[in-house]
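Residue-level listing of the chains:
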Amino acid sequence: MSTEPLVLLANADKWLTESLESVLTQSGYRVIVTAKRQQVLELARRQLPDAILLDMALDQRVTDNLALCRTLRADPVISRATPIILTTAGPALRAQQLEALRAGAWELRGDPLDVEELVLRLGVYVQGKLEVDRLGAEGLIDRASGLYNDEGIARRAAELAAFTARQGLPLACAVFQPTDGVLTAGGTDRLAQAFQRAGRISDAVGRTGPAEFTVFAPATDETGVEGLVQRIGDAVAKNAAVKLRVGTSTAPATPKRPSVGAGARQSAGNPQTPKPVSPTELLARAREALH
C-alpha cells in the first residue's frame with residue numbers, strides 16, 4: 001500500500017491540470033485527475049483522497065458552482081478532515097471566499113494562481129488530515145465528530161502539559177456545554193462541526209460528553225483563555241446557532257527547569273520549582289466552574 005498522499009484534481013483546464021499534476025507528483029503526491037463533474041463524487045467516495053482540488057468552472061452549465069463542494073463535505077463516506085481547495089478564474093473576491101467557506105471549502109484560490117504557495121499550503125493541510133487518520137486508527141478520535149474522544153483528549157492534554165512545563169508556559173482548559181440542555185442528534189453534530197472549525201492548530205479539542213466539548217490551549221493564561229472563549233463562542237453561535245455556558249481553569253507558567261550546571265550553582269535554600277498542575281485537575285476545575 002502506497003504511503004504517498006492522494007490528491008483528487010478536478011479541473012477542465014487541460015494546461016493547468018497537467019501543470020498541477022506535474023508539480024504535485026514531483027512533490028510526492030499521487031494524483032487522480034478528472035475533468036467531469038459527475039465523476040468527482042464517485043471518485044472521492046471510491047478512492048478516499050487525502051485532499052481535493054476542485055475548480056469552480058468544472059461545468060460551465062451549472063449555475064451553483066458550490067453545490068458539488070457542499071455535496072462532498074456532507075457525504076459521510078468522505079472524511080471531514082479532507083481539505084477541499086477551490087480554484088476559480090480571475091481574482092477570488094472576499095464575498096466569494098466567504099461563500100466557499102460556508103460551502104465547506106478550506107479556501108478559494110483565484111488567478112493568478114501561485115502554485116508554489118498552493119502546494120505548501122496543501123502539505124500543511126494534508127499532514128493534519130493524515131494525523132487525524134492515524135489517531136482514528138488508534139481509537140483516539142470520536143468518529144461522529146472528528147474530534148478527540150475521552151482517551152484522545154487525555155493523551156493529547158498530557159503531551160501539552162509536559163511541553164508547557166518544559167517551556168515554562170501556561171496551559172488553559174475550557175469546557176463548553178449548550179445552555180439549552182440536550183440537543184437533537186443533528187444539533188449536536190452541527191455543534192461538533194463548529195468546534196472543529198473554531199479550534200486553532202495548537203489547541204486540543206475533544207468531545208468529552210454527548211454535548212460537552214473540552215479545549216486544552218497551550219501558552220494561554222487567564223487573559224488568553226478569555227479570548228479563546230470569546231472566539232469559540234462567536235464561531236459556534238454563528239455556525240451552529242447554539243448558546244454555550246463555559247467553565248475555565250488555567251495552570252500558570254512555571255520556571256523552566258535549570259540545566260545540570262545551573263542547578264549545581266543554586267544554593268540549597270532556594271525553593272523548589274512548583275509541581276505542574278495535571279490535565280486531569282485542570283479539567284476537573286473547569287467542570288466545577290461550569291456548574
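A quick note: this is a predicted structure, and the numbers were derived from the prediction, not measured.

Calculation criteria
- Residues numbered from 1 in each chain as written.
- Predicted model: local features only at pLDDT ≥ 70, side-chain atom pairs only at ≥ 80, totals over all residues.
- Heavy atoms only, no water.
- Core = buried A, V, L, I, M, F, W, Y, C linked by side-chain atoms within 4.5 Å.
- Buried < 20%, exposed > 50% of the residue type's maximum accessible area, 1.4 Å probe, protein only.
- Helix = DSSP H or I, 4+ residues; strand = E, 2+ residues; numbered from the N terminus.
- Contact = heavy atoms within 4.5 Å.
- Pairing = 2+ DSSP bridges.
- Arc of directions from axis to C-beta.
- Axes fitted to C-alpha atoms, helices over the stretch in contact; angles between N-to-C directions.
- Parallel < 35°, antiparallel > 145°, perpendicular 65-115°, else oblique.
- Left-handed = near helix turned anticlockwise from the far one by under 90°.
- Nonpolar A, V, L, I, M, F, W, Y, C, P; charged D, E, K, R; others polar.
- Salt bridge = Lys/Arg side-chain N within 4 Å of Asp/Glu carboxyl O.
- pLDDT = per-residue confidence, 0-100.
- Expected span 1.5 Å × (residues − 1).

### A word on the nonpolar core
- Among the nonpolar cores identified, the biggest contains 22 residues, and Leu8, Val40, Ile52, Leu54, Cys69, Leu72 and Leu86 are the most heavily contacted of them.
- Looking at this core, the elements with two or more residues in it are strand 1 (6–10), helix 2 (37–47), strand 3 (51–55), helix 3 (67–74) and strand 4 (84–87).
- Those residues in contact with Leu8 that sit more than four places away from it in its chain are Ile32, Thr34, Val40, Leu43, Ala44, Pro49, Ala51, Ile52 and Leu53.

### Observations concerning the pairing of strand 8 (residues 212–218)
- Among the 7 residues that make up strand 8, 7 are buried, leaving the element largely enclosed by the rest of the structure.
- In strand 8, alternate side chains face the same way, and those of Glu212, Thr214, Phe216 and Pro218 on one face and Phe213, Val215 and Ala217 on the other are all buried.
- Sheet analysis places strand 6 (residues 171–178) next to strand 8, joined by 6 bridges and oriented antiparallel. Across the sheet, residue Cys173 finds its bridge partner in strand 8, namely Phe216.
- Bridge count between strand 7 (residues 204–209) and strand 8: 5 bridges; the pairing is antiparallel. Directly across from Ala204, in strand 8, lies its bridge partner Phe216.
- Linking strand 7 to strand 8, which pair antiparallel, is a turn of 2 residues.

### Some details on helix 3
- Leu68, Cys69, Leu72 and Arg73 are the residues of helix 3 that are buried. When helix 3 is viewed along its axis, its buried side chains cluster within an angular range of 135° and face the same direction.
- Against helix 2, strand 3 and strand 4 lie the buried residues of helix 3.

### Looking at the packing of helix 2 against helix 3
- Closest axis-to-axis distance for the helix 2/helix 3 pair is 11 Å, and the angle between their directions is 15°. Relative to helix 3, the element helix 2 is oriented roughly parallel. In this structure, helix 2 meets helix 3 at a crossing whose hand is right-handed. Contacts between helix 2 and helix 3 pair Arg37, Val40, Leu41 and Ala44 from the former with Ala67, Leu68, Thr71 and Leu72 from the latter.
- Taken together, the residues of the contact of helix 2 with helix 3 sort by class into 6 nonpolar, 1 polar and 1 charged.

### As for the sheet that holds strand 9 (residues 244–251)
- One open sheet accounts for 4 strands, arranged 7-8-6-9; its pairing is antiparallel. Looking at the sheet topology across the chains shown, the edges are occupied by strand 7 and strand 9. The average angle at which neighbouring strand axes cross in this sheet is 20°, direction not considered.
- Set on the sheet, helix 8 (residues 222–240) makes contact with strand 6, strand 8 and strand 9; between it and strand 9 the angle comes to about 155°.
- With respect to the sheet, helix 10 (residues 279–290) is in contact with strand 6, strand 7, strand 8 and strand 9, its orientation differing from that of strand 9 by roughly 140°.

### Section: the sheet that holds strand 1
- Taken in spatial order, the 5 strands line up as 2-1-3-4-5 in an open sheet, and their pairing is parallel. Strands at the two margins of the open sheet, each flanked by one partner only, are strand 2 (30–34) and strand 5 (107–109). Recorded for the sheet is a direction-independent mean angle of 20° between the axes of neighbouring strands.
- Where strand 1 meets strand 2, 5 bridges bridge the pair, whose relative direction is parallel.

### A word on the pattern of salt bridges
- As enumerated under the stated definition, the model contains 17 salt bridges in all.
- Here the salt bridges share partners, and the residues they tie into one network are Glu107, Arg109, Glu117 and Arg121.

### Focus: the confidence of the model for the protein
- With 89% of its residues at a pLDDT of at least 70, the protein reaches an overall mean of 85.
- Across the protein, element-level confidence peaks in strand 1 with a mean pLDDT of 96 and bottoms out in helix 9 (residues 260–265) with 43.
- A low-confidence stretch, residues 259–271 stays under pLDDT 50, and its non-local contacts, those more than four residues away or across chains, total 2 contacts.

### Here we look at helix 10
- The end-to-end C-alpha distance of helix 10 is 16 Å, a good match for the 16 Å that 12 residues give at a rise of 1.5 Å each.
- Among all positions of helix 10, only Pro279, Leu282, Leu283, Ala286 and Leu290 are buried. One face of helix 10 carries all of its buried residues, which in axial projection span an arc of 95°. Exposed side chains of helix 10 directed beyond 90 degrees from the buried face belong to Thr280 and Glu288.
- Buried-residue contacts for helix 10 involve helix 6 (150–167), strand 6, strand 8 and strand 9.

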